[in-house]
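# Breakdown of the fold
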Amino acid sequence: MPLSKAEKRQISDLCIGFDGKQRTSDEDFLRNFRGGISDPISLGVELLSDALTSKTSGEVQSAMIVGFSFGFAEVHIKLLSTLAPEAWHVSHEDIASAFDEIRTPSCVNSLKYLAQWVPDYLDFDEARALGSKAVWALSKIGDPSAIAALQEISISQKDHIGKLAQEKLLELGVSSAVLPKTN
C-alpha cells in the first residue's frame, strides 16, 4: 500500500538533519509507525515491495531510509536486485550501499551491473560515485565470483572505475586482471 504523507514524514524524520540530529528516535518511530512495528526488517521488505509494485521513486527512497536506519539483510537481496537496473527511480547509489552492508555473493551480479551502468540522471557525475560504490562493495565481498566481476570491470571499464577495480584486485592479492579461461 502506498505511503501516506504522514508516513513519509515519519520516515524522513529518521534522517539526520543539517543540525546533526534525528527528529525522531528509532524507538519512537517503531512505536508510532502504523500503530507499532515489531520487525523493522520486515517493514523494509514490505516498503521495497510496495515501491517496486507502484514504481514510485519516492517510495524507494523511503524504503531505503528505513533499511539504513534498521539494517539490510539477505531477505532484501531479491527486491534490491530487481530494483538495481530500473531507470524509473534515483536510489541506485543507495542500493549499492545496501549491498555493501549485506556483503554476500548473492549481490555480485547486481553490483557488477551497477559498476558498469550510468543511469541518465547520473550522466553528469564524472566521479562515477555509483560505479565506485559498487566496486568497493565487490572488493569487500571478495569471494571468487566478486573477484571475477572485478576482473571483468577492470577490463571493460576504460575510465577510473576500471582502474579502481584493478587496485581492489591487487589489494585482494590478485595480480592479474585477466579473466579466467572457460572451456
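Structure report, in brief. (Residues numbered from 1 in each chain as written. Predicted model: local features only at pLDDT ≥ 70, side-chain atom pairs only at ≥ 80, totals over all residues. Heavy atoms only, no water.)

## Topic: the pattern of salt bridges
Within the structure shown, the criterion is met by 10 salt bridges. Of the charged contacts in the structure, one is a salt bridge between Asp28 and Arg31, with a shortest N-O distance of 2.1 Å. On the criterion of helical spacing, the pair formed by Asp28 and Arg31 is a turn pair, its members being three residues apart in helix α2 (residues 26–32). For Asp28, a relative accessible area of 30% puts it in the partly exposed group. A salt bridge links Glu171 to Lys168; the shortest N-O distance between them is 3.0 Å. Highlighted residues: Glu171 and Lys168, both in helix α10 (residues 160–171), separated by three residues, approximately one helical turn. By relative accessible area, Lys168 is classed as buried at 3%. One salt-bridge network, held together by shared partners, links Glu7, Arg34 and Glu46. (Salt bridge = Lys/Arg side-chain N within 4 Å of Asp/Glu carboxyl O. Helix = DSSP H or I, 4+ residues; strand = E, 2+ residues; numbered from the N terminus. Buried < 20%, exposed > 50% of the residue type's maximum accessible area, 1.4 Å probe, protein only.)

## Some remarks on unusual backbone geometry
Even without a glycine there, the phi angle at Arg103 is positive, about 50°. By relative accessible area, Arg103 is classed as partly exposed at 43%. Here the phi dihedral of Arg128 falls at roughly 50°; this positive angle occurs in a residue that is not glycine. The topology assignment puts Arg128 in the loop between α7 (108–116) and α8 (129–141).

## Some details on the packing of aromatic side chains
For any pair of aromatic rings, geometry is given as the distance between the ring centres together with the angle between the planes. What the rule picks out here adds up to four aromatic pairs. Ring centres of Tyr113 and Trp117 lie 5.2 Å apart, and the angle between their planes is 35°; on these two criteria the pair is classed as tilted. The rings of Phe29, Phe33 and Phe70 are connected pair by pair, giving a single aromatic cluster. Note that Lys168 overlies the ring of Trp136, its terminal NZ or CZ placed 3.2 Å from the centroid. (Phe/Tyr/Trp six-rings, centres within 6.5 Å; stacked < 30°, edge-to-face > 60°. Lys NZ or Arg CZ within 6 Å of the ring centre and 35° of its normal.)

## What to know about the side chain of Asp13
Take Asp13: it is sitting in the loop between α1 (5–12) and α2. Classification of Asp13 as buried rests on a relative accessible area of 19%. Setting aside residues no more than four positions away along its own chain, Asp13 makes contact with Gln22, Arg23 and Thr24. (Contact = heavy atoms within 4.5 Å.)

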